[in-house]
Amino acid sequence: MPPIYPQPFSGIAARSGFSIAVSETRAGQFIRVGITSAAQEKHFGGVLRPQADALVLRLSSEPRENHILKIALAELEEPNALSIAGGIKGSISLKLTPWRQIANGKRPAKELPVVGAEANKSVMLKLPEWARPELIKIGQGKSIMEG
């Protein structure tokens, strides 16, 4: 039987370092995704620099995947690359156009649990119900005449 090594109790649940919120300005609603410096170091190999680094976000409307947000490290010139904004204590954020209809008003920041990762390249996060892309129904978007 392998040995068991007890660990000290910190009393604080481990945080993912990723969050999502909805904010409003006169121009309209936007979704804000925030990433702490600790989460950047853990999942992307270091603190990202807004002037040199970018991220690609991927969502799916497939039933098995619509609860997952994939965030991948990218070069600024890559297709679909999003520039990042710097924040306090090395944190970064992205302001995004909503990808689905969201009720008017703000939504406070909610932590996004990590459900998978590829070291120093990407991370997969579980979205709250309100942020999940709407599922495409069978035949939606196709003409009846198409097979």
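Our subject is the structure that appears above.
Draft legend 1. Region of interest: the pairing of strand β10 (residues 122-126). Inspection of the sheet shows strand β4 (residues 68-74) paired to β10 by 5 bridges, in the antiparallel sense. Each bridged residue has a counterpart across the sheet, and for L69 the counterpart in β10 is L125. In this structure, strand β9 (residues 114-118) lies alongside β10, joined through 4 bridges in antiparallel fashion. When the bridges of β10 are listed, G116 appears paired with M124. Connecting β9 to the antiparallel partner β10 that follows it, the hairpin turn spans 3 residues, and N120 within it adopts a positive phi of roughly 60 degrees.

Draft legend 2. Examining the sheet that holds strand β1 (residues 18-25) more closely. Pairing is antiparallel in the open sheet, where 5 strands are placed in the order β6-β7-β2-β1-β8. One side of each edge strand has no neighbouring strand; the edge strands of this open sheet are β6 (85-86) and β8 (107-111). With 8 bridges connecting them, β1 and strand β2 (residues 28-35) associate as antiparallel partners. Following the sheet pairing, A21 is matched in β2 by R32. Running over the sheet, helix α1 (residues 37-44) touches β1, β2 and β7 (92-96) and is turned about 65 degrees from β2.

Draft legend 3. Region of interest: the pattern of salt bridges. One pass over the structure, following the stated rule, counts 5 salt bridges. One salt bridge in this structure joins R15 and E111, with 3.2 Å as the shortest N-O distance. Taken together, the positions of R15 in the segment before β1 and E111 in strand β8 put the pair 96 residues apart, joining distant regions of the chain. With a relative accessible area of 69%, R15 lands in the exposed category. Assessed through its relative accessible area of 31%, E111 is described here as partly exposed. Where R49 meets D53, a salt bridge forms, and the shortest distance between an N and an O atom there is 3.7 Å. D53 sits in the buried class, given a relative accessible area of 15%.

Draft legend 4. Representation of α1 within the structure. Inspection of α1 places A39, Q40, H43 and F44 among the buried residues, and these make up the whole buried set. Projected down its long axis, α1 shows its buried positions confined to an angular sector of 100 degrees, all on one face. Turned more than 90 degrees away from the buried face of α1 sit A38 and K42, all of them exposed.

Calculation rules
Residues numbered from 1 in each chain as written. Predicted model: local features only at pLDDT ≥ 70, side-chain atom pairs only at ≥ 80, totals over all residues. Heavy atoms only, no water. Pairing = 2+ DSSP bridges. Helix = DSSP H or I, 4+ residues; strand = E, 2+ residues; numbered from the N terminus. Contact = heavy atoms within 4.5 Å. Axes fitted to C-alpha atoms, helices over the stretch in contact; angles between N-to-C directions. Salt bridge = Lys/Arg side-chain N within 4 Å of Asp/Glu carboxyl O. Buried < 20%, exposed > 50% of the residue type's maximum accessible area, 1.4 Å probe, protein only. Arc of directions from axis to C-beta.

Geometric values such as these leave the question of function open.
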